[in-house]
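Geometric and topological summary
Chain by chain, the residues run as shown.
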Amino acid sequence: QVQFVESGGGLVQAGGSLRLSCAASESTFTINPMAWYRQAPGKQRELVATIIRGGNTNYADSVKGRFTISRDNAKNTAYLQMNILKPEDTAVYYCNTVPPNIYGNWGQGTQVTVSS
């Protein structure tokens, strides 16, 4: 079972940037697709971005043009570069696959808080 450990969250002002990391206990190359999710206060967990083994990416409409998902298989790590952050991006961010929990369960996530 793959373990996911998310990091890189924090407090940031609107318009700022953060880079989230997802360390996996096994090669991320075997995880297809790799995906980032988020859960905002009072809302369901939602899919934010995916990257398939071949490199194609997909994004939720709410983050298109602002977020970039990537992976470094040598480091067993996936990333989410978040730019031009908005208060509505405030959430706990998780990495996994689509559908989730095929390779491993949810990690603890990392909190992103964007102030106005």
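Below or above, wherever it landed, is the structure these notes cover. All values reported here derive from a predicted model rather than from experimental measurement. In this numbering scheme, every chain counts its residues from 1 along its sequence in written order. Residue-level local features of this predicted model are given only where pLDDT is at least 70; pairs of side-chain atoms are given and counted only at 80 or more, and the full residue set underlies all totals for whole chains, interfaces and linings. Computation of side-chain values covers all heavy atoms of the structure but excludes hydrogens and water.

Description of the state of the cysteines
Working definition: a disulfide is two cysteine sulfur atoms within 2.5 Å of each other. Evaluation of the coordinates by the stated rule reveals 1 disulfide. The side chain of Cys22 participates in a disulfide bridge whose partner is Cys95; the two sulfur atoms lie 1.8 Å from each other. Linking Cys22 and Cys95, the disulfide has an S-S dihedral of approximately 70 degrees and is accordingly described as right-handed. Taken together, the residues span a long stretch of sequence, with Cys22 in strand β3 (residues 18–24) and Cys95 in strand β9 (residues 91–96) at a distance of 73 residues. Summarising the burial analysis for this pair, Cys22 and Cys95 share the class buried. Under the DSSP-based scheme used, a helix requires at least four consecutive residues in state H or I and a strand at least two consecutive residues in state E, with every element numbered from the N terminus. Exposure classes here rest on a 1.4 Å probe applied to the protein chains alone. A residue is buried below 20% of its type maximum, exposed above 50%, and partly exposed in between.

What about the pattern of salt bridges?
For salt bridges, the criterion is a side-chain nitrogen of Lys or Arg within 4 Å of an Asp or Glu carboxyl oxygen. Taken as a whole and judged by the stated rule, the model has 4 salt bridges. Residue Arg38 pairs with Glu46 through a salt bridge whose shortest N-O separation is 2.8 Å. The buried category is assigned to Arg38, whose relative accessible area is 5%. Arg38 is paired through a salt bridge with Asp89; the nearest N and O atoms lie 2.9 Å apart.

Thoughts on the sheet that holds strand β7 (residues 67–72)
If you walk across this open sheet you meet the 4 strands as β1-β3-β8-β7, and the pairing is antiparallel. Only two strands of the sheet have a single partner each, and these edge strands are β1 (4–7) and β7. In this sheet, adjacent strand axes meet at a mean angle of 15 degrees when their direction is disregarded. Of the pairings in the sheet, the one linking β1 to β3 comprises 4 bridges and is antiparallel in character. For Ser7, the partnering residue across the bridge sits in β3 and is Ser21. If DSSP finds at least two bridges between two strands, the strands pair. Under this scheme, a helix contributes an axis fitted over its contacting stretch, all axes are lines through C-alpha atoms, and angles between N-to-C directions fall in the 0 to 180 degree range.

Here we look at the environment of Ala74
You can see Ala74 is positioned in the loop between β7 and β8 (77–82). With 59 residues separating them in the primary sequence, Ala74 and Gly15 have C-alpha atoms 31 Å apart.

Topic: the nonpolar core
Take the buried residues of types Ala, Val, Leu, Ile, Met, Phe, Trp, Tyr and Cys, join any two whose side-chain atoms come within 4.5 Å, and each joined set is a nonpolar core. Grouped together as the largest cluster of nonpolar side chains are 27 residues, with contacts concentrated most on Phe4, Trp36, Phe67, Leu80, Met82 and Tyr93. Elements with a contribution of two residues or more to this core: β3, β4 (34–39), β5 (46–51), β7, β8, β9 and β10 (110–115). Considering each element in turn, this core owes the most residues, 4 residues, to β3. When sequence neighbours within four positions are dropped, the list of residues in contact with Phe4 reads Cys22, Ala23, Ala24, Ile31, Met34, Cys95, Asn96, Gly104, Asn105 and Gly107. Contacts between residues were defined by any pair of non-hydrogen atoms, one from each residue, lying within 4.5 Å.

Focus: unusual backbone geometry
Of note, the bond from Asn32 into Pro33 is cis; its omega dihedral lies within 30 degrees of zero at -5 degrees. Along the chain, Pro33 falls in the loop between β3 and β4. One non-glycine residue, Ile84, lies in positive phi territory at about 50 degrees. Phi is positive for Asn101, which is not a glycine, with a value near 70 degrees. As for its position among the elements, Asn101 is in the loop between β9 and β10. Overall, Asn101 belongs to the partly exposed group, its relative accessible area being 34%.

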